[in-house]
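Structural overview for review
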Amino acid sequence: MHAAAIPDELVELSAELEALGGGDTRVGEATVFCRVRPVERASEAPIVTVGSSGSHMLVRDPRTSDTTPAAHAVRRFRISPGGAIGGAAALAAPVGRGATQSDVAASVGREALEWWLAGFNASVIAHGQTGAGKTYSLYGPAAAVYAESVPPDAMGLVPRLLGRVYEAIEAAATSEDGAPRLSLGVSCFEVRHASVVDLLAPEQRGGGGGGGGGGGCAADDFVAVSAPELSDALSLLATAQRRSANWSVAPGGAGGRPMLVATAGRASVVLRLTLHDSERRSAATLHVVDLVGTLPAASAAAGGGGVDLERRCLAQQVLSWTRLLAEVAQLDASAGTGGLKTARESKLTQLLAPLLCGGSRTFLLACVRAGASHFL
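Residues numbered from 1 in each chain as written. Predicted model: local features only at pLDDT ≥ 70, side-chain atom pairs only at ≥ 80, totals over all residues. Heavy atoms only, no water.

**Some words on the pattern of salt bridges**
To be explicit about the condition: Any carboxyl oxygen of Asp or Glu within 4 Å of a side-chain nitrogen of Lys or Arg constitutes a salt bridge here. By the criteria applied, helices consist of DSSP H or I runs no shorter than four residues and strands consist of E runs no shorter than two, each listed in order from the N terminus. To sort residues, take the accessible area from a 1.4 Å probe on protein chains only and compare it with the maximum for the residue type: under 20% means buried, over 50% means exposed, and anything in between is partly exposed.
One pass over the full model with this rule turns up seven salt bridges. Where R181 meets D277, a salt bridge forms, and the shortest distance between an N and an O atom there is 2.7 Å. Highlighted residues: R181 in the loop between α6 (157–171) and β6 (182–192) and D277 in strand β11 (residues 268–277), separated in sequence by 96 residues. For E190, the salt bridge goes to R192, with nearest N and O atoms at 2.4 Å. Judged on exposure class, the residue E190 and its partner R192 are both buried. One network of salt bridges, in which partners are shared, links R110, E111, E114 and R361.

If you want it as structure tokens, here you go:
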């Protein structure tokens, strides 16, 4: 969805109302970013490049010959202008290097934070192939749940955003009763197959790898825990990760504390951060979504019947979300034709569809791998 998909009349009315002091009249839109994980071996040629205009990612089909015309061998994927994180320089970097965590924060993070702190809802949604860097981009390495053990340059987008928002909370004036004007509530849940699990529900029990209790819950029935300090928010994030199906707990070496180990994504994880403003009597929500990743067909064949069934269920969830995005992008084209067709019903669609409504801004972070061996 691009700004052009919003009717001109709505944009003009929004501008007029904003000029009159209507603080909740800004029009949201979707911005698409792309982060490319570079090749890890010098012998493997990258197949992903940035278009000359900076508004497309170009992917060359490795099955074609060098003499195949670009029109037949190269697929073009549209992104927002300047949406290639790190730019062409990141793709031309030496083997094993590329866009940095700071690059992600300076692009996706900066825009999302500005919109959120202004009092509007925002969503950051990371999607792409398993191993492309979605979870790393959002949360950093597995040890990121223990902030003191993570180098600053490896810190993920979420810890960086939390640090910035607590700076804003500290800088804000206190309310009449002496309490902080701004406060933060944290919720975290994940979609496993056709069920939704609240990762911060009191009845949850550890169980690394998602083996703990919890069960399914309604879409509007998630626990929101107050986090007065940054350390409280990071602790809640660590608890959610320990209970997630996407992480497992490994014992620490040489008597060290246990560490989290990321596993192949089995669930789509949603972190909800709600910023309450007592002076304005309003609440703005930031959703950070780590969608389950796709896997090569060879992995599915080697996984056995149970794993294959699980992967098909997850693929159905992602397909539903992809179809929903396609329908929203065709909003103008569908005007006057009886409305949009309904996307495939799924828990993921039901949870994420409301994030595209109203004045909420959506930031899509597409994570891809540059090597020919990861071509889908």
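**So, the packing of aromatic side chains**
Definition in use: Any two rings among Phe, Tyr and Trp, with Trp reduced to its six-membered ring, count as a pair given centres within 6.5 Å; such a pair is stacked if its planes are under 30 degrees apart, edge-to-face if over 60, and tilted if neither.
The full count for this structure, using the stated rule, is two aromatic pairs. Plain terms: the ring middles of W115 and F120 are 5.0 Å apart, the flat faces sit at 35 degrees to each other, and that makes the pair tilted. With respect to class, W115 is no different from F120; both count as buried. Geometrically, the ring pair formed by F189 and F222 is stacked, given 3.7 Å between the ring centres and 5 degrees between the ring planes. On the criterion of sequence distance, the pair formed by F189 in strand β6 and F222 in the loop between β7 (195–198) and β8 (225–226) is long-range, its members being 33 residues apart. Each member of the pair F189 and F222 is classed as buried.

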